[in-house]
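# Coordinate analysis (summary)
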Amino acid sequence: MNGIKLISTGSALPKQAVTNHDMAKIVDTNDEWIVSRTGISSRHHCSDGENHTGLCLAAARQAMEQGGIAPEQIGVCIVATVTPDFLSPAAACLLQRDLGLGEDTVCFDLNAACSGFVYGLHVAECLLAAAPRKYGLVIGGEVLSRVVDFTDRSTCVLFGDGAGAALVEWRADYPSLHAVLGCRGNQEALYVPGVHTGQPSFVHMDGQTVFRFAVEALPRCAKEVADKAGIALDQVDRFVFHQANQRIIDFAVKKLKVDPDKCTGNIARTGNTSAASVPLLLDELVASGALTSGQKAMCVGFGGGLTWAGGLLELA
Ligand code: UT7
């Protein structure tokens, strides 16, 4: 078994950008607090007529168009999400229908919160090794505006909506992701109650506990991936870290002693989009030419679960 490369990417953001000043009209907050504590200036929220399925579909279509890959070439379609439109059918099943993927395509949703997209890359790598068709779609999509409590200033200012898609190809001569995935089961630090709990399905987060977890897990995971791949961190061309808080990223950059110019992100414009955050940033980097053919991106997610996931993804 060997590995996958990134063929192409796509993304979709809702039309409406909601600035910190807009948030200050809803809860007792201000631009200075949000920017200095998180690095976020605005985020996107779905309006009427926009939804999770639509965002994922637009991102996946764009990736397929960019890659010049037809629906019948796709063997696996995974949507990483904690906010699908339906608990069943899976968002991936709706994409199978709307993208016209073959009925024998392996389609399912994956819940590993903010680590979900990188979990999905690893799962796709494993499944594609055994699949008859070697192209896979891995999408991270979230509509977190539907599960935030707009009376809780400590969470509602953080999260945004969006979807990013990666089209990958498995080949025997492609490098492995050298994925490092993990989980430290925890129900209290970051959770969204399910439909039968009798509690509203809002995000609850003990920010400081999750912050302490993040600044430990992110650099550890990045280092473990590099060790597994047998490369030094300075051989990595781009770091695509989950965009949860600019302070977490700054801490990891310092700890890992990597070039900050290789770690630029988009949190200022997107907020925290959970499973969508890594693929949204990947798409920006590919579209802007900041990640070019043959270059390696170290992708790392961390968050609810508590989970973490890292992998080294090369652009074909
Ligand atoms: O994506 C999954 C992973 N998620 C993360 O990695 C998030 C990790 N956590 C964090 O990023 C940070 O903990 C937060 C950004 C969530 C919070 O930052 P903090 O520096 O840990 O703030 P805090 O929770 O300690 O709150 C400090 C103060 C409190 O006031 P007092 O008690 O000191 O008077 C809060 O009530 O800031 C207050 N506060 C706010 N003030 C203005 C909390 N939210 C706000 C707000 N606007 N939106």
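## Describing the nonpolar core
A general trend in soluble globular proteins is that nonpolar side chains are found buried together. One finds Phe239, Phe241, Met298 and Phe302 to be the most contacted residues of the largest nonpolar core, which totals 46 residues. Mapping this core onto the domain boundaries places at least three of its residues in each of domain 1 (3-171) and domain 2 (180-314). Those residues in contact with Phe239, other than ones at most four positions away along the chain, are Leu233, Val258, Lys262, Cys263 and Met298. Within the second largest apolar cluster, 30 residues are counted, among which are Leu6, Leu281, Leu282 and Ala297.

## Some thoughts on the sheet that holds strand S12 (residues 296-303)
Pairing is mixed in the open sheet, where four strands are placed in the order S8-S13-S12-S11. This sheet does not close on itself; its edge strands, each paired only once, are strand S8 (180-183) and strand S11 (238-241). Ignoring strand direction, the axes of neighbouring strands in this sheet form an average angle of 15°. Both S11 and S12 contribute to a ladder of four bridges, which runs parallel. Looking at S12, one finds that Phe239 is bridged to Met298. Relative to strand S13 (residues 307-314), helix H5 (residues 116-130) is tilted by about 55°, and along the sheet it contacts S8, S12 and S13.

## A word on the site of the ligand
Among the 24 residues in the neighbourhood of the ligand, the closest are listed as Thr29, Arg37, Gln208, Asn245 and Asn272. Here a nitrogen atom of the ligand sits 2.7 Å away from a polar atom, N or O, in the side chain of Thr29. Measuring from a nitrogen atom of the ligand, one finds a backbone N or O atom of Arg153 at 2.9 Å. The set of elements that each furnish at least two residues to the shell around the ligand consists of helix H2 (31-38), helix H6 (153-156), helix H7 (207-229), helix H8 (246-256) and S12.

## What about the packing of helix H3 (residues 52-67) against helix H4 (residues 91-99)?
Two elements in contact, H3 and H4, have axes separated by 10 Å at closest approach and are oriented at 55°. Viewed along their axes, H3 and H4 adopt a mutual orientation that is oblique. Like other packed secondary-structure pairs, H3 and H4 cross with a definite hand, here right-handed. Together, His52, Thr53, Cys56, Leu57, Ala60, Arg61 and Met64 of H3 and Ala91, Leu94, Leu95, Asp98 and Leu99 of H4 make up the contact between the two elements. Grouping the amino acids of the contact of H3 with H4 by side-chain chemistry returns eight nonpolar, two polar and two charged.

## Quick word on the domain arrangement of the protein
Segmentation of the protein into domains returns domain 1 (3-171) and domain 2 (180-314). Between domain 1 and domain 2, the C-alpha centre-to-centre distance is 15 Å. Here domain 1 meets domain 2 over a buried area of about 3,400 Å², counting both sides, of which 66% is carbon and sulfur. Taken together, domain 1 and domain 2 are joined by one salt bridge.

The rules behind each value
Residues numbered from 1 in each chain as written. Predicted model: local features only at pLDDT ≥ 70, side-chain atom pairs only at ≥ 80, totals over all residues. Heavy atoms only, no water. Core = buried A, V, L, I, M, F, W, Y, C linked by side-chain atoms within 4.5 Å. Buried < 20%, exposed > 50% of the residue type's maximum accessible area, 1.4 Å probe, protein only. Domains from an automatic or database assignment. Contact = heavy atoms within 4.5 Å. Pairing = 2+ DSSP bridges. Helix = DSSP H or I, 4+ residues; strand = E, 2+ residues; numbered from the N terminus. Axes fitted to C-alpha atoms, helices over the stretch in contact; angles between N-to-C directions. Near = heavy atom within 4 Å. Polar contact = N/O pair within 3.5 Å; in protein donor to acceptor, adjacent residues only side chain to side chain. Parallel < 35°, antiparallel > 145°, perpendicular 65-115°, else oblique. Left-handed = near helix turned anticlockwise from the far one by under 90°. Nonpolar A, V, L, I, M, F, W, Y, C, P; charged D, E, K, R; others polar. Buried area = accessible area lost by both parts, 1.4 Å probe. Salt bridge = Lys/Arg side-chain N within 4 Å of Asp/Glu carboxyl O.

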